[in-house]
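# Fold and contact review
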Amino acid sequence: MSSLQNVLFVAPVLLFSVIAHEYAHGYAALRQGDNTALMLGRLTWNPLKHIDPFLTIIMPVVLYYTTGIALGGAKPVPVNPRNYRNFRRGDIIVSLAGVAANLVIALLCTVLIAVFGLLARTASALGPTVGILQVMMIWGVTINLGLIAFNLIPIPPLDGSHVMKHLLPPAWSLRYQEISRYGFIILILLLSFGGRLLDLWMRPAMILRMGLLTSVGSFIHPSAEQWFQ
């Protein structure tokens, strides 16, 4: 697709997905006893509160042109784990809440592809509109599964690192957490030079993507195919 089409189809889906990811972190933290995100006004769907120059703009562009997958993130929602009623359980729940939200969105997008397809069968005049909506839902599946895999990479400050530190023996966990000061540097190096390694990590998500889209392939309207030519 052309650059303009990429913006029109991908940007709204990506923005909604990363905002939902961060909102889920904040809401899960609130349920675990921490109201930091709420008090700082981050439990909101206002995109201006969540946009981060690097995560929301620069990183998706770099990833798209290096790996072909547009991934990004929103400004991390601030939380205070010391407020959790149970630190270990709360930290894991809050860390996984974002990827859980992305999984729900991916599954919902899959269902909507079928629903829109059925709608086009009953009202053929809606075909072109349904095709556009289905393209956005296809991107929704791709982006959200990609976000799940990417955020589970065990490199600070990604969500996977918060889970990993609780799985390691205490002494190893302390040493592991020390690399957090270099996390962004490691992440930038991975994005810049670790294309093959990143592709290998993302492969299970892309296999699941293929399975989900194949399951609703018969519902995809012919007008959607033109946007992928």
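Residues numbered from 1 in each chain as written. Predicted model: local features only at pLDDT ≥ 70, side-chain atom pairs only at ≥ 80, totals over all residues. Heavy atoms only, no water.

A complete count under the given rule lists 2 salt bridges for this structure. Salt-bridge contacts for R203 lead to D199; the nearest nitrogen and oxygen are separated by 3.3 Å. Here D199 and R203 lie together in helix α9 (residues 195-215), a separation of 4 residues that amounts to about one turn. The class of D199 is partly exposed, set by a relative accessible area of 43%. (Salt bridge = Lys/Arg side-chain N within 4 Å of Asp/Glu carboxyl O. Helix = DSSP H or I, 4+ residues; strand = E, 2+ residues; numbered from the N terminus. Buried < 20%, exposed > 50% of the residue type's maximum accessible area, 1.4 Å probe, protein only.)

This part takes up the environment of N86. Summarising the element assignment, N86 is placed in the loop between α3 (53-67) and α4 (87-122). By relative accessible area, which is 32% here, N86 ends up partly exposed. Distance from N86 to Q32, taken between C-alpha atoms, is 7.7 Å for residues 54 residues apart in sequence.

A word on the packing of helix α6 (residues 159-167) against helix α7 (residues 170-178). For the pair α6 and α7, the least separation of the axes is 8 Å and the interaxial angle reads 155°. Judged by the angle between their axes, α6 and α7 are roughly antiparallel. Between α6, through S161, M164 and K165, and α7, the contact on the second element is made entirely by S173, Y176 and Q177. Across the contact of α6 with α7, the residue classes tally to 2 nonpolar, 3 polar and 1 charged. (Axes fitted to C-alpha atoms, helices over the stretch in contact; angles between N-to-C directions. Parallel < 35°, antiparallel > 145°, perpendicular 65-115°, else oblique. Contact = heavy atoms within 4.5 Å. Nonpolar A, V, L, I, M, F, W, Y, C, P; charged D, E, K, R; others polar.)

Next up on the list: the confidence of the model for the protein chain. Per-residue pLDDT for the protein chain has a mean of 89; in total, 93% of the residues score no lower than 70. Ranking the elements of the protein chain by mean pLDDT puts α3 last, at 74, and α4 first, at 96. (pLDDT = per-residue confidence, 0-100.)

Now for the packing of α4 against helix α5 (residues 127-151). It is at 8 Å that the axes of α4 and α5 come closest, and there the two elements cross at 160°. As judged from the angle between their axes, α4 and α5 are roughly antiparallel. The handedness of the crossing between α4 and α5 comes out as left-handed. The residues of α5 that touch α4, namely those facing V99, N102, L103, I105, A106, C109, T110, L112, I113, F116, G117 and A120, are V130, L133, Q134, M137, I138, G140, V141, N144, L145, L147, I148 and N151. (Left-handed = near helix turned anticlockwise from the far one by under 90°.)

Quick look at unusual backbone geometry now. Each neighbour pair has its own omega, and for P156 with P157 the value is 10°, a cis peptide bond. Here P157 lies in the loop between α5 and α6.

This paragraph deals with the environment of A11. Counting through the fold element by element, A11 comes out in helix α1 (residues 3-31). Using a relative accessible area of 37% as the deciding quantity, one classes A11 as partly exposed. Note: C-alpha distance between A11 and F184 (173 residues apart in sequence) is 23 Å.

Before going further, it helps to spend a moment on the packing of aromatic side chains. Overall, the coordinates contain 2 aromatic pairs when judged by the stated rule. Where Y23 meets W45, the ring centres are 4.8 Å apart and the plane angle is 20°; that geometry is what we call stacked. Taken together, the positions of Y23 in helix α1 and W45 in the loop between α2 (36-39) and α3 put the pair 22 residues apart, joining distant regions of the chain. On the accessibility criterion, Y23 (22% relative accessible area) is partly exposed. Its relative accessible area of 45% is what places W45 among the partly exposed residues. An aromatic cluster of three or more residues is present, and its members are F16, Y23 and W45. (Phe/Tyr/Trp six-rings, centres within 6.5 Å; stacked < 30°, edge-to-face > 60°.)

With that out of the way, let us pick up the nonpolar core. If you look at the biggest cluster of nonpolar residues, it comprises 43 residues, and the most contacted ones within it are I143, L145, F150, I153 and L198. Of all the elements in the fold, those that place two or more residues in this core are α1, α3, α4, α5, α8 (183-193) and α9. At 13 residues, the largest contribution of residues to this core is made by α5. Ignoring sequence-local partners within four residues, the contact set of I153 consists of L158, G160, S161, L190, L198 and W201. With 7 residues, the next largest nonpolar core counts A28, A29, V94 and A97 among its residues. (Core = buried A, V, L, I, M, F, W, Y, C linked by side-chain atoms within 4.5 Å.)

As a further point, take α9. In a regular helix each residue adds 1.5 Å, so 21 residues correspond to 30 Å; α9 covers 29 Å between its end C-alpha atoms and thus fits that length. Of all the bends in α9, the largest measures some 45° and sits at R203, one to four residues before the proline P204. For α9, the set of buried residues is L198, M202, A205, L212 and L213. (Expected span 1.5 Å × (residues − 1). Bend = angle between axes of the 7 residues up to and from the residue.)

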